[in-house]
Amino acid sequence: MYDEKLYKRALCVVLRIHRAKVQKRAMTQSQAGQNDLVSRNGMRVELLNLGASIRSIVVPDREGVMTDIALGFDTVKAYENDRHLIGTTLGRVAGRIRDARYAIDSREYFLAQNDHPHHRNGGAKSPFSKKIWNYTLLEEGNGVVFTVRSHDGEEGYPGNANVQVSYVLTNHNEILVQFSANTDKSTLMNLSSNFYLNLDGIEVRSSTCRQLHEILNRSLATMSTL
């Protein structure tokens, strides 16, 4: 469950974004933490400081009709109850860690078993997806930088970590996402943005399934128990 004070702050963020209108300027910002990125072509990205999340991506289709293609929620309660962590930033480690334990520098660490007996997506009590992030605007006016601090021992991970996620919207309708982090101890860090897209629009349930093909030069193999 969220801390009550943070819950109220985050609730304000979500409702403000839900009521936001398309702006004719590069970016708008509210004191609550709502940010809209708007390109010259009309594309709009709505961001939350709850989980440094992408809530909405509105793009023009081939006929110029603006369509929201990103899955998201209207209330913090919905984000709180969402086990799939839709739209959020995952960490410290995205994915599963077998048996919720690992060794580094000849020392073994035991992590929270939130996917018993394994550890998944940074834990349950204070994963990055449930944190309220700080944020600043880029001087160019086309992006937002989210920052958060993870303390030594949080969810079992060693080291104090300062984490940063930046979102930039270009006038070519590109979303650029960049992660960075630094720590004062050797630790694990594998960040990911967990947003889901429906290219037909989130209001459409298509009987056909679109296939996205990506050329990969690396892949991560997992064990059958994960």
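Here the structure is a predicted model, which means the values were calculated and not measured. (Residues numbered from 1 in each chain as written. Predicted model: local features only at pLDDT ≥ 70, side-chain atom pairs only at ≥ 80, totals over all residues. Heavy atoms only, no water.)

Enquirer: Looking at this structure, how should I read the overall build of the protein chain?
Expert: A count of helices and strands for the protein chain gives two helices and 15 strands. Out of the 226 residues belonging to the protein chain, those deemed buried represent 42%. In the protein chain, the proportion of contacts linking residues at least 24 apart, taken out of those at least 6 apart, comes to 54%. Put simply, the protein chain shows about 13,700 Å² of open surface, and 47% of that area lies on carbon and sulfur atoms. (Helix = DSSP H or I, 4+ residues; strand = E, 2+ residues; numbered from the N terminus. Buried < 20%, exposed > 50% of the residue type's maximum accessible area, 1.4 Å probe, protein only. Contact = heavy atoms within 4.5 Å. Areas by Shrake-Rupley, 256 points an atom, 1.4 Å probe, with all protein chains shown as cover.)

Enquirer: Looking at this model, I keep getting lost on the nonpolar core. Mind explaining?
Expert: Burial of nonpolar side chains together is a common tendency in soluble globular proteins. Counting residues in hydrophobic clusters, the biggest one holds 22 residues, and the most contacted among them are V45, L47, I57, W133 and F146. No other element matches strand 13 (residues 161-169), which puts five residues into this core. Membership of the second largest hydrophobic core comes to eight residues, among which are I97, I104, Y109 and Y157. (Core = buried A, V, L, I, M, F, W, Y, C linked by side-chain atoms within 4.5 Å.)

Enquirer: What exactly am I supposed to notice about unusual backbone geometry here?
Expert: Negative phi is the rule for most residues except glycine; trans is the rule for most peptide bonds. Across the junction of G91 and R92, the peptide omega takes the value 15°, indicating a cis bond. The residue R92 is located in the loop between strand 6 (89-90) and strand 7 (96-97) in this model. The phi angle at A52 is positive, at roughly 45°, despite the residue not being glycine. Here A52 lies in the loop between strand 3 (44-48) and strand 4 (53-60). Within the chain, N121 stands out as a residue other than glycine whose phi angle is a positive 50°. Along the chain, N121 falls in the loop between strand 10 (119-120) and strand 11 (134-137). On the basis of relative accessible area, N121 is assigned to the buried category, the value being 13%.

Enquirer: Help me out: how do you make sense of a nonpolar patch on the surface in this one?
Expert: The grouping of L71, Y196 and I202 at the surface amounts to a nonpolar patch, some 230 Å² of accessible area in total. Take L71: it is sitting in the loop between strand 5 (66-68) and helix 2 (76-81). According to the relative accessible area criterion, L71 is partly exposed, its value standing at 34%. (Patch = residues over 30% accessible without salt bridge, like charges linked within 9 Å, V, L, I, M, F, W, Y side chains within 5 Å. Salt bridge = Lys/Arg side-chain N within 4 Å of Asp/Glu carboxyl O.)

Enquirer: Before we go on, may I ask you to explain the pairing of strand 12 (residues 143-150) in this structure?
Expert: Each regular strand displays side chains that alternate between the two surfaces of the sheet. Burial runs high along strand 12: six of the eight residues are buried. Linking strand 11 back to strand 12 in an antiparallel pair, the connection comprises five residues, with G141 at a positive phi of about 80°. Where strand 12 lies against strand 13, eight bridges are found, and the strand directions are antiparallel. Directly across from V145, in strand 13, lies its bridge partner S166. (Pairing = 2+ DSSP bridges.)

Enquirer: What is the right way to look at the sheet that holds strand 13 in this model?
Expert: Two pairing modes exist for strands in a sheet, parallel and antiparallel, and in both the strands are linked by backbone hydrogen bonds. The strand order 11-12-13-14 describes an open sheet built from four strands, whose pairing is antiparallel. Each edge of the open sheet carries a strand with a single partner, namely strand 11 and strand 14 (175-183). On average, adjacent strands in this sheet sit at an angle of 20° to one another, irrespective of strand direction. When strand 11 meets strand 12, the two strands line up antiparallel, connected through four bridges. Following the sheet pairing, Y135 is matched in strand 12 by F146. (Axes fitted to C-alpha atoms, helices over the stretch in contact; angles between N-to-C directions.)

Enquirer: When you look at the confidence of the model for the protein chain in this model, what are you seeing that I'm missing?
Expert: For any part of a model where pLDDT is low, the fine detail of the predicted coordinates should not be relied upon. Taken as a whole, the protein chain shows an average pLDDT of 79; of its residues, 75% reach a score of 70 or greater. The spread of mean pLDDT over the elements of the protein chain runs between strand 1 (residues 27-29), the lowest at 33, and strand 9 (residues 107-110), the highest at 97. (pLDDT = per-residue confidence, 0-100.)

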